[in-house]
Amino acid sequence: MAATILVVEDEEPILNLVVAYLKADGFIVHTARDGESALSLVQTLRPDLVVLDLLLPGIDGLEICRRLQQRDGGPYVLMLTARAEEVDKVVGLSIGADDYLTKPFSPRELVARVKAILRRRRQMSAAFPSESTLLTFRDLQIDVARREVQRRGVPVALTAREFDLLYTLAAMPGRVFTREQLLERVWGHDFDGVDRVVDVHISLLRRKLEDDPIEPTLIQTVRGVGYKFTG
């Protein structure tokens, strides 16, 4: 079944080019030209991935990313930015974007990035148990098959990437993963972003799961090495 992509871009030539290349590769493509329309379409279409321009009229790309963070099972996000500064890349990744491209970009490169993100999703899904599996750690429950998380009986909204990262850690509690290992397992070997993406996604998970994100008890830092899930 073809994946559904929502392209959010207000520059008509770029929008048409991206749509043409994605459709040529067999994706189901929908479009939005502003932030409000994008959020409405995410709600109704539940796309697999959003190609999201950073600078939009009205609600900008960063705010859209923040709002998608609050949705359970939110889509993967490939952010487009006209600015190449490292700080812009880090800010985008720190609020939940899964990858980024700097304008001007090759449409073939964009399609390759989309495929890489979705391919990693399929690989992660294949690694999940086919039957319902419930991982329980103190007051945290992870329903692997349904990709749902509860803390003290209250649902916790995680994006697709956040769930992948949490499952990777929680499936082997106590094991220490380096950043490189987490990048390989969760983002894939062809991810070309900054390595801080692991740190910022760990921070996002802690904000949603820990009583005190500054003093975490579930996802702990192993200094000089990486992270481990203690449960």
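Described in the following lines is the structure provided in the data block. (Residues numbered from 1 in each chain as written. Predicted model: local features only at pLDDT ≥ 70, side-chain atom pairs only at ≥ 80, totals over all residues. Heavy atoms only, no water.)

### Focus: helix α1 (residues 12-24)
Moving on, step 1. Look at α1: 18 Å from first C-alpha to last across 13 residues, which is about the 18 Å you get at 1.5 Å a residue.
Moving on, step 2. For α1, the complete set of buried residues consists of Ile14, Leu15, Val18, Val19 and Leu22. In an axial view of α1, the angular spread of the buried residues amounts to 125 degrees, which keeps them on one side of the axis. In α1, the exposed positions that point more than 90 degrees away from the buried face belong to Pro13, Lys23 and Ala24.
Moving on, step 3. Of the residues flanking the end of α1, it is Gly26, one or two places downstream, whose phi is positive at about 95 degrees. (Helix = DSSP H or I, 4+ residues; strand = E, 2+ residues; numbered from the N terminus. Expected span 1.5 Å × (residues − 1). Buried < 20%, exposed > 50% of the residue type's maximum accessible area, 1.4 Å probe, protein only. Arc of directions from axis to C-beta.)

### Section: the pattern of salt bridges
Moving on, step 1. Considering all chains together, one arrives at 17 salt bridges under this definition.
Moving on, step 2. Arg113 is the salt-bridge partner of Glu109, the closest N and O atoms lying 2.7 Å from each other. Placement of both Glu109 and Arg113 in helix α5 (residues 107-127) is noted, with a separation of four residues, approximately one turn of the helix.
Moving on, step 3. Assessed through its relative accessible area of 32%, Glu109 is described here as partly exposed.
Moving on, step 4. Between Asp211 and Arg151 there is a salt bridge, with its nearest N and O atoms 3.4 Å apart. A residue pair is termed long-range when its members are at least 10 positions apart, and Asp211 in the loop between α8 (196-209) and β11 (219-222) and Arg151 in strand β8 (residues 148-151) qualify at 60 residues.
Moving on, step 5. Exposure remark for Arg151: the relative accessible area of 12% places this residue in the buried category.
Moving on, step 6. A single salt-bridge network, built from bridges that share partners, covers Glu9, Glu11, Asp53 and Lys103. (Salt bridge = Lys/Arg side-chain N within 4 Å of Asp/Glu carboxyl O.)

### Some points on the nonpolar core
Moving on, step 1. By size, the foremost hydrophobic cluster in this structure holds 28 residues, and its most contacted members are Ile142, Val149, Leu166 and Phe229.
Moving on, step 2. When contributions to this core are tallied by element, the ones reaching two or more residues are β6 (134-137), β7 (140-143), α6 (160-170), α7 (179-187), α8 and β12 (226-229).
Moving on, step 3. Of all the elements, α6 adds the most residues to this core, at six residues.
Moving on, step 4. Apart from residues lying up to four places away in sequence, Phe229 is in contact with Phe137, Leu140, Leu166, Leu169, Ala170, Pro173, Gly174, Arg175, Leu218 and Ile219. (Core = buried A, V, L, I, M, F, W, Y, C linked by side-chain atoms within 4.5 Å. Contact = heavy atoms within 4.5 Å.)

### Description of the packing of aromatic side chains
Moving on, step 1. Throughout the structure, instances matching the rule amount to one aromatic pair.
Moving on, step 2. For the pair Phe137 and Phe229, a centre-to-centre distance of 4.7 Å together with 70 degrees between the ring planes defines the contact as edge-to-face. One end of the pair, Phe137, is in strand β6; the other, Phe229, is in strand β12, with 92 residues separating them in the sequence.
Moving on, step 3. Note on Phe137: relative accessible area 12%, which makes it buried. (Phe/Tyr/Trp six-rings, centres within 6.5 Å; stacked < 30°, edge-to-face > 60°.)

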